[in-house]
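# Summary of the model geometry
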Amino acid sequence: MAEPLVVVQDVQKHYGDFHALKDVNLTVDKGEVVVVIGPSGSGKSTLCRTINRLETITSGTIMIDGKELPKEGKGLAELRAEVGMVFQSFNLFAHLTILENVTLGPMKVRGMKKADAEKEAQALLDRVGVGHQASKLPAQLSGGQQQRVAIARALAMHPKVMLFDEPTSALDPEMINEVLDVMISLAKEGMTMIVVTHEMGFARKAANRVVFMADGQIVEEATPEEFFTHPKSDRAKDFLSKLITH
């Protein structure tokens, strides 16, 4: 039985007069990898950011593992700890070592002992391939390495779901695959993931479902196979025809 982990219902989002999200409904099951694609300004990043309340919504509800997202306060912090987020920019603390960046959350939010947090952080850094860089500062690492640290930092909180908001768009081409490879291995291990990306190869390889957005709405949802070979809507056909096909 599929268990819904993230449920977005009738969500509207306005920025003043601009209607950024229009009646968005999306259910993501436990262990599912959903890739959100669409033209710039389609609302995909906004949707991603509403799921851990970095953006407030005008109306509608968002549930994570059966609980509605609280507006603010301790409840929000607790729920946010269950939603890992990886951004376009790496957002690492510049004055902390790589290891300290990863142990900070578990120690502060989850109350883990330093030794335990460090042991787990080191294992996570090894897993994403930057274990040997643990004592360095973020500025000493490449963009691709920093982004892998950011993934390890999110995983250290044992999130129920991971959100990725265009995680490779600030990277040089040769670094993109090293980040996508980590994401593909996470997907294979059964992590629930919502990924906003321009990387169609990743969508084809790792997604259980592709969600195509345009003008603040979900226009269609399908398996990657179906979406890339037989898009139903004109908007999706148009979008796909403009992609550089390799």
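Since the structure is predicted, the reported quantities are computational estimates derived from the model, not experimental observations.

This part covers the sheet that holds strand S6 (residues 83-86). Spatially, six strands are ordered S6-S7-S8-S3-S9-S10 in an open sheet, and the strand pairing comes out mixed. The open sheet has two free edges, formed respectively by S6 and strand S10 (217-222), since each of these has just one partner strand. Strand-to-strand twist across the sheet, computed as the mean angle between neighbouring axes with direction ignored, equals 20°. Direction of pairing for strand S3 (residues 33-37) relative to strand S8 (residues 192-196): parallel, over a ladder of four bridges. Note on S8: the bridge partner recorded for valine 34 is isoleucine 194. Packing against the sheet, helix H6 (residues 173-188) makes contact with S3, strand S7 (161-165) and S8, and its axis sits at approximately 145° to S8. Helix H9 (residues 234-242) rests against S3, strand S9 (209-214) and S10 of the sheet, and its axis sits at about 100° to S9.

Turning our attention to the packing of helix H5 (residues 143-155) against H6. Two elements in contact, H5 and H6, have axes separated by 8 Å at closest approach and are oriented at 20°. Judged on the interaxial angle alone, H6 and H5 are roughly parallel. For H5 against H6, the interelement crossing comes out right-handed. Across the interface between the two elements, Gly143, Gly144, Gln145, Gln147, Arg148, Ile151 and Leu155 from H5 touch Met175, Glu178, Val179, Val182, Met183 and Leu186 from H6. Partitioning the contact of H5 with H6 into residue classes produces seven nonpolar, four polar and two charged.

Our next topic: the UniProt feature "domain: ABC transporter" (unreviewed entry) in the protein chain. Taking the UniProt record as the reference, the feature "domain: ABC transporter" (unreviewed entry) is found at residues 6-240. Between the C-alpha atoms that bound residues 6-240 the distance is 27 Å, and the span itself is 38% helix and 26% strand.

Another aspect to go through is the packing of aromatic side chains. The tally for this structure, following the rule as stated, stands at three aromatic pairs. Consider the rings of phenylalanine 227 and phenylalanine 228, whose centres lie 5.4 Å apart with planes at 80°: the pair is edge-to-face. The buried category is assigned to phenylalanine 228, whose relative accessible area is 12%. One aromatic cluster in this structure is built from Phe212, Phe227, Phe228 and Phe239. Here the guanidinium or amino end of lysine 13 rests over the ring plane of tyrosine 15, the centre of that ring lying 4.5 Å away.

Another point: the side chain of threonine 46. The topology assignment puts threonine 46 in helix H1 (residues 44-50). Contact partners of threonine 46, with chain neighbours within four places excluded, come to Lys13, Tyr15, Ala20, Leu21 and Glu55.

What follows deals with the environment of threonine 223. Take threonine 223: it is sitting in the loop between S10 and helix H8 (224-229). Relative accessible area serves as the criterion here: at 35%, threonine 223 is assigned to the partly exposed category. Separated by 210 residues in the primary sequence, threonine 223 and lysine 13 have C-alpha atoms spaced 27 Å apart.

Criteria and cut-off values
Residues numbered from 1 in each chain as written. Predicted model: local features only at pLDDT ≥ 70, side-chain atom pairs only at ≥ 80, totals over all residues. Heavy atoms only, no water. Pairing = 2+ DSSP bridges. Helix = DSSP H or I, 4+ residues; strand = E, 2+ residues; numbered from the N terminus. Axes fitted to C-alpha atoms, helices over the stretch in contact; angles between N-to-C directions. Contact = heavy atoms within 4.5 Å. Parallel < 35°, antiparallel > 145°, perpendicular 65-115°, else oblique. Left-handed = near helix turned anticlockwise from the far one by under 90°. Nonpolar A, V, L, I, M, F, W, Y, C, P; charged D, E, K, R; others polar. UniProt positions renumbered as here; feature names shortened; annotations may be inferred. Phe/Tyr/Trp six-rings, centres within 6.5 Å; stacked < 30°, edge-to-face > 60°. Buried < 20%, exposed > 50% of the residue type's maximum accessible area, 1.4 Å probe, protein only. Lys NZ or Arg CZ within 6 Å of the ring centre and 35° of its normal.

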